[in-house]
Amino acid sequence: MPESPSARAGRPLAAVPGDPPDPGRTPEELLRLTAMGREDAFEQLYDAFAARVFGLARRVVRDPSQAEEVAQEVFLEIWRRASRYDRTKGSATSWIMTLTHARAVDRVRSAQAATDRELRVAHASTERDVDTVVEAVESGFERRAVQRCLGTLTELQRESITLAYFSGYTYREVAELLTAPLPTIKTRLRDGLIRLRDCLGVTS
């Protein structure tokens, strides 16, 4: 049974040179025929552009498996929406590569948005820990107890907490002062605050 266009678009891609299109059919003509449901035309487009689409997607998203998924999405969109191509606005190659770039950028933005959400959740959790510890200290814990508990932390945790919550530096300033990556400082702050809270016997 012949392979369907959607199955062809969904199979793994490899960054190998694509076969040139039928000399008698330009990419523009192949898109026009694909819009009419011609599977042979779609197959020629796939063979001609698979390597270029995958290559561009990989340059944008970096990760090969992510690039593969982007390329598959691009070819599925070409099969479903080839009729949207307007040759008066540019070449078929330009249309396909623009579509590829847009899909790849969307994938990067989606991944970044997920990372940002995780950072916001972690930051909010850290702020809750900070508030709990500060309230405990301000509520009458002896300074010696605080100093004792700070002594149970690692050097980086202790320095980070001291600079951020007792000296008023921002996370970024703490990272610069300690010459450590910002994500590392945030992680050490959170872990240190949890240990400090437990040592002081503070409940959340």
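Structure: above.
Residues numbered from 1 in each chain as written. Predicted model: local features only at pLDDT ≥ 70, side-chain atom pairs only at ≥ 80, totals over all residues. Heavy atoms only, no water.

Draft legend 1. Up close: the side chain of Thr-100. Mapping Thr-100 onto the fold places it in helix α5 (residues 92-138). According to the relative accessible area criterion, Thr-100 is buried, its value standing at 0%. Ignoring any residue separated from it by four or fewer positions in sequence, one finds Thr-100 in contact with Val-53, Leu-56, Ala-57, Val-70 and Val-74. (Helix = DSSP H or I, 4+ residues; strand = E, 2+ residues; numbered from the N terminus. Buried < 20%, exposed > 50% of the residue type's maximum accessible area, 1.4 Å probe, protein only. Contact = heavy atoms within 4.5 Å.)

Draft legend 2. View of the side chain of Arg-25. With respect to the secondary-structure elements, Arg-25 resides in the loop between α1 (5-10) and α2 (27-35). Those residues within four positions of Arg-25 in sequence are excluded, and the remaining contacts are Leu-30, Leu-33, Arg-38, Asp-40, Ala-41 and Gln-44.

Draft legend 3. Seen up close, the packing of α2 against helix α3 (residues 39-61). Here α2 crosses α3 at 135 degrees, and the two axes come no closer than 8 Å. Between α2 and α3, the angle is such that the two are oblique. The handedness of the crossing between α2 and α3 comes out as left-handed. Taking contact as the criterion, the partners of Pro-27, Leu-30, Leu-31, Leu-33 and Thr-34 in α2 are, on α3, Ala-41, Phe-42, Gln-44, Leu-45 and Phe-49. Of the residues belonging to the contact of α2 with α3, the class tally is eight nonpolar, two polar and no charged. (Axes fitted to C-alpha atoms, helices over the stretch in contact; angles between N-to-C directions. Parallel < 35°, antiparallel > 145°, perpendicular 65-115°, else oblique. Left-handed = near helix turned anticlockwise from the far one by under 90°. Nonpolar A, V, L, I, M, F, W, Y, C, P; charged D, E, K, R; others polar.)

Draft legend 4. Molecular detail of the packing of aromatic side chains. Tallying each qualifying case throughout the model produces three aromatic pairs. Each ring, one from Phe-42 and one from Trp-79, has its centre 5.3 Å from the other, and the planes form 65 degrees; the classification is edge-to-face. Separated by 37 residues along the polypeptide, Phe-42 in helix α3 and Trp-79 in helix α4 (residues 64-81) bring together distant segments of the chain. Owing to a relative accessible area of 23%, Trp-79 belongs among the partly exposed residues under this scheme. Measuring from ring centre to ring centre gives 4.8 Å for Tyr-46 and Phe-75, while their planes differ by 50 degrees; the resulting arrangement is tilted. (Phe/Tyr/Trp six-rings, centres within 6.5 Å; stacked < 30°, edge-to-face > 60°.)

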